[in-house]
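Residue-level listing of the chains:
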Amino acid sequence: MSLVAVALAGTLLAACGGDDDDDSSAQTTVTTSPPGVTVDMVGTDGSPVGRVTFVETGSHLAVEARFTNLPPGIHGFHVHAVGKCDQGSPAFTSAGGHMVLGEQVHPAHAGDQPVLLVLADRTAELRFTTDRYKLSDLRVPDGRAVIVHANADNYANVPTRYVREPDATTKATGDAGDRIACGVVAGAATGTTTPSGGVTTTTSPAGATTTTARAATTTTRQGVTTTARAAGTLDCQPVAFTPNSEDAASSIRATGLTCAEAEAFVRIAGRQTSSGGPAQLDVEGYRCVRVRSVQDPLPQAFYECTSGTRKVTFTRS
Ligand SMILES: [Cu+2]
């Protein structure tokens, strides 16, 4: 569950000098550690089942996965939106839908990846490179989750001779089924400070994100605490919501409240949306209207919800 800087060392040998007698100039060794993260994977009973590493190689990420004790066969293998691997039934739905950067549908989600082939001896190894996301996309404040599914991922490739077209679930999930292994990519781990008043400033090492929420001041007078937030806009991460855990708001913008509050809001409002979505949502204290609806190729709905200076806009995809 920990975020560990991967110490896959690149070794640079700088041979010096010629055939002279100066022993001290024989060679110089410089060791560097490419930025990366290591993710420990667990099964539905919490037992370790493997490890996945993500290491920056040039402009791409090299992904290496090793597993033991998984059911033989082909399994969907994705990065999911939220760094939470809660047990439960069904397991690991806390990880939300596939990681989406911008507006994407399966199999073009940023978190969509090659499937995992588990051998008869229940082990699996997979190496690939991806340019669909960067370390900074993994090291967001809420983290991400790596998920192995029970079934294969059909990448929404359902031939039209069988059905008119793949339905929304297929296009969102690839029908990869239950989640049988999960590992947390921890959020940005260093230099996080949370002063009073809800100001969150996160500074991260190279390759990670920097997120700065707007300023806030908290005053307490005669036992009444007032938090005044300065105006500002936050582009928050996608958030998955029930009842279909693969459903996700592809992005959230918020003013007057934190990303965590915006995500909590979307978890409520999102439940009422479906496909193109209704014209209005009913969330106590808010006025929510659909401002746009598109079919590209899945239905998407864009909502604006306001309550005084508090405003959440989100895309239901
Ligand atoms: Cu998945």
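Since the structure is predicted, the reported quantities are computational estimates derived from the model, not experimental observations.

(A) Quick look at the overall build of the chain. Across its full length, the chain carries 3 helices and 23 strands. The buried share of the chain, taken over its 317 residues, is 37%.

(B) Quick peek at the pairing of strand E19 (residues 248-255). Across 4 bridges, the pairing between strand E17 (residues 233-236) and E19 is antiparallel. The partner of Leu-234 across the bridge, within E19, is Ala-254. Sheet analysis places strand E18 (residues 239-240) next to E19, joined by 2 bridges and oriented antiparallel. Of the residues in E19, the one forming a bridge with Ala-240 is Ala-248. Where E19 lies against strand E23 (residues 310-316), 6 bridges are found, and the strand directions are antiparallel. Counterpart to Ala-254 in the pairing with E23 is Val-312.

(C) Focus on the pairing of strand E11 (residues 179-185). Within E11, 7 of the 7 residues are buried, which leaves it mostly tucked inside the rest of the structure. Direction of pairing for strand E3 (residues 36-43) relative to E11: antiparallel, over a ladder of 3 bridges. The residue of E11 that forms the bridge with Gly-43 is Ala-181. Judged from the 6 bridges that link them, strand E10 (residues 144-149) and E11 form a sheet pairing that is antiparallel.

(D) Region of the structure containing the nonpolar core. Within the largest apolar cluster, 59 residues are counted, with the highest numbers of intra-cluster contacts made by Ala-145, Val-146, Cys-182, Ile-252, Ala-262 and Val-266. Both domains that meet at this core, namely domain 1 (10-185) and domain 2 (213-316), each give it at least three residues. Setting aside anything within four residues of it in sequence, one finds Cys-182 in contact with Met-41, Val-42, Cys-85, Phe-92, Ala-95, Ala-145, Val-146 and Ile-147.

(E) Summary view of the environment of Ile-180. Among the structural elements, Ile-180 can be located in strand E11. For the pair Ile-180 and His-149, spaced 31 residues apart in sequence, the C-alpha to C-alpha distance is 5.4 Å. Those residues in contact with Ile-180 that sit more than four places away from it in its chain are Gly-43, Thr-44, Leu-70, Val-148, His-149 and Ala-150.

(F) Region of interest: helix H3 (residues 259-269). Among all positions of H3, only Cys-259, Ala-262, Glu-263, Phe-265, Val-266 and Ala-269 are buried. Along the axis of H3, the buried positions cluster into a sector of 160 degrees, meaning they face one direction only.

(G) Here's a closer look at the sheet that holds E10. A sheet is described by the order of its strands in space; here 7 strands give the open sequence E7-E10-E11-E3-E4-E5-E9, paired in antiparallel fashion. Pairing within the sheet leaves two strands with one partner each, and these edge strands are strand E7 (77-80) and strand E9 (124-130). Each neighbouring strand pair of the sheet contributes to a mean axis angle of 20 degrees, computed without reference to strand direction. Where E3 meets strand E4 (residues 48-57), 7 bridges bridge the pair, whose relative direction is antiparallel. Bridge pairing in E4 places Gly-36 opposite Val-55.

(H) Highlighting the environment of Phe-128. By secondary structure assignment, the location of Phe-128 is in strand E9. Put simply, Phe-128 and Ala-65 are 63 residues apart on the chain and 9.0 Å apart in space, counted from C-alpha to C-alpha.

(I) Layout of the environment of Thr-44. As for its position among the elements, Thr-44 is in the loop between E3 and E4. Residues Thr-44 and Gly-88, spaced 44 residues apart in sequence, show a C-alpha to C-alpha distance of 8.2 Å. Each residue touching Thr-44, except ones within four places of it in the same chain, is listed here: Gln-87, Ala-91 and Ile-180.

(J) Main features of unusual backbone geometry. Along the chain, Ser-89 connects to Pro-90 via a cis peptide bond; the corresponding omega equals -5 degrees. Among the secondary structure elements, Pro-90 is positioned in the loop between E7 and strand E8 (116-118). For the peptide bond that leads from His-106 to Pro-107, omega is 5 degrees, which places it in the cis range. The residue Pro-107 is located in the loop between E7 and E8 in this model. Of note, the phi angle at Tyr-155 is positive, near 50 degrees, even though the residue is not glycine. Relative to the helices and strands, Tyr-155 is located in the loop between E10 and helix H2 (168-173). One non-glycine residue, Ala-156, lies in the positive phi region at around 60 degrees.

(K) A look at the confidence of the model for the chain. Residues of the chain with pLDDT of at least 70 account for 70%, and the chain-wide mean is 75. Below a pLDDT of 50 lies the segment residues 1-26, which in the model reaches 37 contacts outside its immediate sequence neighbourhood of four places, other chains included.

The rules behind the values
- Residues numbered from 1 in each chain as written.
- Predicted model: local features only at pLDDT ≥ 70, side-chain atom pairs only at ≥ 80, totals over all residues.
- Helix = DSSP H or I, 4+ residues; strand = E, 2+ residues; numbered from the N terminus.
- Buried ≥ 20, exposed ≤ 12 C-beta atoms within 10 Å, placed from the backbone.
- Pairing = 2+ DSSP bridges.
- Core = buried A, V, L, I, M, F, W, Y, C linked by C-beta atoms within 7 Å.
- Domains from an automatic or database assignment.
- Contact = placed C-beta atoms within 7 Å.
- Arc of directions from axis to C-beta.
- Axes fitted to C-alpha atoms, helices over the stretch in contact; angles between N-to-C directions.
- pLDDT = per-residue confidence, 0-100.

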